[in-house]
Amino acid sequence: MGFSFYLLLLFVDLALCSSRLQGRTLPHMTSDVSEVSGKSFDYIVVGGGTAGCPLAATLSEKFSVLLVERGSSPYGNPLVLETKNYGLSLLQTDKYTSVAQSFISNDGVPNLRGRVLGGSSAINGGFYSRASEDFVQKVGWDKEVVMGAYQWVESRIVFKPELTPWQYVAEFSFLEAGIFPYNGFSLEHIEGTKVGGSVFDGWGRRHTSADLLEAGNPNNITVLLNATVKNVIFREKGIRNETTARGIRFIKSDGNSSQTYDAYLNQPENSCSWGDVILAAGALGSPQILLLSGIGPQKHLKKFNIQLAADLKGVGKGMKDNPGIALLADSKPKNFPPEPPKAVGIADHFKIIIEAGILPISLNATVMPIAAKLAFPESEGKLELNSTDPRENPSVTFNYLAKEKDWARCVKLGQLLERVVRSESIAFFLGLERKNELMSTEDELRKLCKKNVRTFYHYHGGCSVGSVVDNDYRVYGVKGLRVVDGSTFLESPGTNPMATLLMLGRYQGIKILEDRN
């Protein structure tokens, strides 16, 4: 995309966004570290992403909150907010400032992470689908509070989408491939073909988790943008020899300065009523910050001369990513407008998730991938530090398809993908001749999986419940420190984790307020 064209888009959208923001009550946002440095708050939330924004909004109902985001604001950015620009933000990545930060896992698979207020809800496909009842029961959440938290999110940023011709074709192709029953529109995670919710509204605008900050008390929230947290600050151990979080140390995200700044938790006379530092920095960010703070395997921390605060061997362990395979509906690039997926097929007892969108590969060319993922991979990896600079990506390995059971499931996934891509619906829509030759052999499908395995951007783990945090998301062995994000998940819930992460921020905020009362 030409730079002058981008500036024109930005200028037009700033004018439109300015008029739309009138009458809205957003909290104070600043990139000036001096406004925050040395100040104290009841709660500090690290990461203004999918879970961090609803969490901060909920806590602000009764307490002062500092929300620290390493990226910038999504407001005024047409690459984030306009449906017509869907996917373009993923093509423009740089080391320090882009809304999507690229990284390549040690498996050699390219990947992305959100770096903007709103997190990955500002760059993803926007498909909204709740977790299954089994998942909620398995993790031990209160069903009534969960439903209330989902509805709180949905009433603000979730919409019933209108299907485009391509999404109708996707629905028909899933059904042709045998993904039954047809469930129509549903927010529930149910087997078959369905249309899910979307954070894109009918006017072509994306709504991110940042919009949920409006639901909080704007007088109680300070949002610090373009600041990267370096580590958690701990209070000197007292008589009980306890490690207690006291605040955070942060630096500017721009890469030009290494000067550090501090922010602290309020310390009322009654120490039992202290707030928390809450990490909501994502499946890569939260375990990275714990390691940089001296919480993790002692042997690994010693390599970087990091003083040990708590020897938690589970930090960075159990990293998982849902392996995905994609086939193009047409091998030739098109000039169709980009569009996010709105229909989904849920097959093989919830083990396979399949969807179709239109993704840009340049300003005027798009491709039409049919993509599927394995929902419950057994293979897992680990996350470790690359350096002590928090702006650098950590080292992460997912070990895609390392377990034989994952290989077998990938073969089934490949067979289903081929049936969808060869459907009459897709052939008719694209004006192609339907291919009737025999499907690929099992050996060919295994080679397809090995050669083309990709991410679905649903990586999780690294701070798992039961290993790093307890059922209240408190870090073991450290007072005043919690983790609330996808790094705590043992599996990715629903068709994708966004809906449940939005809910989790609200849910844990409610639980923390109840505990304080």
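To be clear, the structure that these remarks concern was listed above.
Residues numbered from 1 in each chain as written. Predicted model: local features only at pLDDT ≥ 70, side-chain atom pairs only at ≥ 80, totals over all residues. Heavy atoms only, no water.

Tallying secondary structure elements over the protein chain gives 12 helices and 29 strands in all. Radius of gyration (C-alpha) of the protein chain: 23 Å, near the 24 Å computed for a compact globule of 517 residues. In the protein chain, buried positions account for 59% of the 517 residues. Put simply, of all contacts in the protein chain between residues at least 6 apart along the chain, 72% involve residues at least 24 apart. For the protein chain, the exposed surface amounts to about 21600 Å²; the carbon and sulfur share of it is 50%. Each charge class in the protein chain can be summarised by its mean position, and for the 56 positive and 54 negative side chains these summaries are 4 Å apart. (Helix = DSSP H or I, 4+ residues; strand = E, 2+ residues; numbered from the N terminus. Rg over C-alpha atoms; globule rule 2.2 N^0.38 Å. Buried < 20%, exposed > 50% of the residue type's maximum accessible area, 1.4 Å probe, protein only. Contact = heavy atoms within 4.5 Å. Areas by Shrake-Rupley, 256 points an atom, 1.4 Å probe, with all protein chains shown as cover. Lys, Arg positive; Asp, Glu negative; His and termini not counted. Charge placed at Lys NZ, Arg CZ, Asp CG, Glu CD.)

Positionally, Arg482 belongs in strand β29 (residues 481–483). The class of Arg482 is buried, set by a relative accessible area of 5%.

All chains considered together, the criterion is met by 1 disulfide. One disulfide bridge connects Cys410 with Cys449, the sulfur atoms lying 2.1 Å from each other. In this structure, the disulfide formed by Cys410 and Cys449 twists by about -105 degrees around the S-S bond and is classed as left-handed. Of this pair, Cys410 sits in helix α9 (residues 404–421) while Cys449 is found in helix α11 (residues 442–452), placing the two residues 39 residues apart along the sequence. Taken individually, Cys410 and Cys449 each receive the classification buried, so the pair is uniform in this respect. (Disulfide = S-S within 2.5 Å.)

The next point concerns the sheet that holds strand β21 (residues 352–356). Taken in spatial order, the 7 strands line up as β8-β9-β20-β21-β24-β19-β27 in an open sheet, and their pairing is mixed. Both outer strands of the open sheet, β8 (182–185) and β27 (454–455), are each paired with one neighbouring strand and no more. For strand β9 (residues 192–195) and strand β20 (residues 343–347), the ladder comprises 4 bridges, and the chain directions are antiparallel. Bridging across to β20, Gly192 finds its partner in Ile346. Contacting β8, β9, β20, β21 and β24 (369–374), helix α6 (residues 165–176) crosses the sheet at an angle of about 145 degrees to β21. Across the sheet, α11 touches β19 (323–328) and β27, and the angle it forms with β19 is around 105 degrees. (Pairing = 2+ DSSP bridges. Axes fitted to C-alpha atoms, helices over the stretch in contact; angles between N-to-C directions.)

A large share of β20 lies buried, amounting to 5 of its 5 residues. Residues Ala343, Gly345 and Ala347 of β20 are buried on one face, and the alternating residues Val344 and Ile346, pointing to the opposite face, are buried as well. Across 4 bridges, β20 lies against β21 in antiparallel orientation. Its bridge partner being in β21, Val344 is matched across the sheet by Glu355. Where β20 folds back on β21, the antiparallel hairpin that results is connected by 4 residues, among which Asp348 adopts a positive phi of roughly 55 degrees.

Quick look at the sheet that holds strand β25 (residues 381–384) now. Across the sheet, 3 strands lie side by side as β18-β25-β26; this open sheet has antiparallel pairing. Edge positions in the sheet fall to β18 (317–319) and β26 (395–397), since each of these pairs with one other strand and no more. Taken over all neighbouring pairs, the strand axes of this sheet differ in orientation by 35 degrees on average, direction set aside. Strand direction decides the pairing type here: β25 and β26, joined by 3 bridges, are antiparallel. What sits directly across from Glu384, in β26, is Ser395. Along the sheet face, helix α7 (residues 282–292) touches β18 and β25 and points at about 55 degrees away from the line of β25.

Turning next to the pairing of strand β13 (residues 243–252). Counting buried residues along β13, 7 of its 10 residues qualify, which places the element largely inside the surrounding structure. Examined bridge by bridge, strand β12 (residues 227–235) and β13 share 8 bridges and lie antiparallel to one another. Residue pairing across strands places Ile233 opposite Gly247, the latter belonging to β13. Pairing between β13 and strand β14 (residues 261–265): 4 bridges, direction antiparallel. Bridge assignment links Gly247 to a residue of β14, and that residue is Tyr264.

Everything listed is a geometric property; what it means functionally is a separate question.
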